[in-house]
Amino acid sequence: MTLRGRLERAAILTFVALLASGSTAPLAAQGVDAPESPPSALQLGASSALERINAYRAGAGVSPAIAHPALMRAAAGHVAYYDLNRGDASLVGMGLHEQRADAPGFTGASMEARARAAGYASSAVTENAGFGSIDGAIDWHMSTVNHRLPLIHPSALDVGLAASDASGFNIIQVGLRRDPAGVTLPSVYPPDGAGGVPTSWDGAEAPNPAPGIPRPLGYPVTVAFHVGQRVEWRNVELRNAAGDALDVSTPRNEWMRALAIIPHRPLEAGQSYMASVEAVADGRVISRTWTFTTAG
């Protein structure tokens, strides 16, 4: 990396650490030399991106997430690594979450290693990678299964955000805490009473949450307990307004104590649907039933 590149990256890392601490004062006012270049997209967009995530979290009935300084540093380091190695054949698919030790900008082979190296103590770390605007990436993640869960999981309270002006590559790194969530569980999305829910989903996500099922699929529903709970799933259903049970896939994410309800066919427009789950959580039977309405 050139000297200019190192200085620019240092400025970004300084900014994200200040942002994570909750400070909004100018850098110079805090005794830090401000970068000569105009504010980056990261500086302008990180706060609004976290607000966007927390709006979705509020809809799911879970506590707001905070920007964690270590995860902010880890996310910024991985974005810098991507830009330094753009074009490397390994940076595709799930390889977007990995780094090579012999490559420039290396900060850790895995997302967990990068978080630890940046000072994050928890071992429960995951991340979403995207391209384009970070707000657009958040909206896309929320339309999926595997990428939605890290954003609205009740335990996912620590977040790091970074984006590149040059490549459009962005990272949302999430730390899941093991302390009690303090909210009614399980959390669900779409939430009870939601309207305007999309009817279909293209299922274009890796790993594939509904292998062997023709596309398009119906819009996915997700359900999550706290990561520290012992959960045994019992009954999962999705019914239409007539009370008919729909054909669904119910893939589980065991370590996140979560599952999805994926209709095998698109839902009908302007109709109400009822979802229900029953599980044993920490030895106690818990049932939840809720309704939502699709866009007309």
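Look up a bit, the structure's there.
Owing to the predicted nature of the structure, the values given are computational and were not obtained by experimental measurement. (Residues numbered from 1 in each chain as written. Predicted model: local features only at pLDDT ≥ 70, side-chain atom pairs only at ≥ 80, totals over all residues. Heavy atoms only, no water.)

Participant: Tell me about the nonpolar core, and please be specific about residues and values.
Facilitator: Formed by 48 residues in total, the largest nonpolar core has its most connected members in Leu 161, Ile 172, Phe 225, Trp 290 and Phe 292. Ranked by the residues each element gives to this core, the list is headed by strand E14 (residues 272–281), at five residues. Within the second largest apolar cluster, twelve residues are counted, among which are Val 79, Leu 91, Leu 96 and Ala 129. (Core = buried A, V, L, I, M, F, W, Y, C linked by side-chain atoms within 4.5 Å. Buried < 20%, exposed > 50% of the residue type's maximum accessible area, 1.4 Å probe, protein only. Helix = DSSP H or I, 4+ residues; strand = E, 2+ residues; numbered from the N terminus.)

Participant: Quick rundown of the sheet that holds strand E1 (residues 66–67)? Include the residues and the values.
Facilitator: Here we have four strands laid out as an open sheet, ordered E1-E3-E4-E2, and mixed in their pairing. Each of the sheet's edge strands pairs with one partner strand only, and the pair in question is E1 and strand E2 (125–131). As defined by bridge partners, strand E3 (residues 156–163) adjoins strand E4 (residues 169–176) across seven bridges and the pair is classed as antiparallel. Note on E4: the bridge partner recorded for Gly 160 is Gln 173. Each of E2 and E4 touches helix H4 (residues 111–118); the most contacted strand, E2, lies at about 105° to it. (Pairing = 2+ DSSP bridges. Contact = heavy atoms within 4.5 Å. Axes fitted to C-alpha atoms, helices over the stretch in contact; angles between N-to-C directions.)

Participant: I'd love a proper account of H4, names of residues and values included.
Facilitator: Buried residues of H4: Met 111, Arg 114, Ala 115 and Ala 118, and no others. Down the axis, H4 shows its buried residues gathered within 100° of arc, on one side only. Of the exposed residues in H4, those oriented more than 90 degrees away from the buried face are Arg 116 and Ala 117. Residues of H4 that are buried make contact with helix H3 (69–84), E2 and E4. Count one or two residues on from H4 and you reach Gly 119, which has phi positive near 110°. (Arc of directions from axis to C-beta.)

Participant: Explain the sheet that holds strand E15 (residues 284–294) to me, using residue names and the numbers behind them.
Facilitator: Read from one edge of the open sheet, four strands run E6-E15-E14-E10, paired in mixed fashion. One side of each edge strand has no neighbouring strand; the edge strands of this open sheet are strand E6 (194–197) and strand E10 (231–239). Direction aside, neighbouring strands of the sheet carry axes that sit 25° apart on average. Where E6 lies against E15, two bridges are found, and the strand directions are parallel. Residue pairing for E15: Val 197 is matched across the bridge by Thr 294.

Participant: I'd love a proper account of the side chain of Gln 99, names of residues and values included.
Facilitator: Take Gln 99: it is sitting in the loop between H3 and H4. Judged by relative accessible area, Gln 99 falls into the buried class, the value being 7%. Setting aside residues no more than four positions away along its own chain, Gln 99 makes contact with Gly 77, His 78, Tyr 81, Gly 105, Phe 106, Thr 107, Gly 108, Ala 109 and Arg 114.

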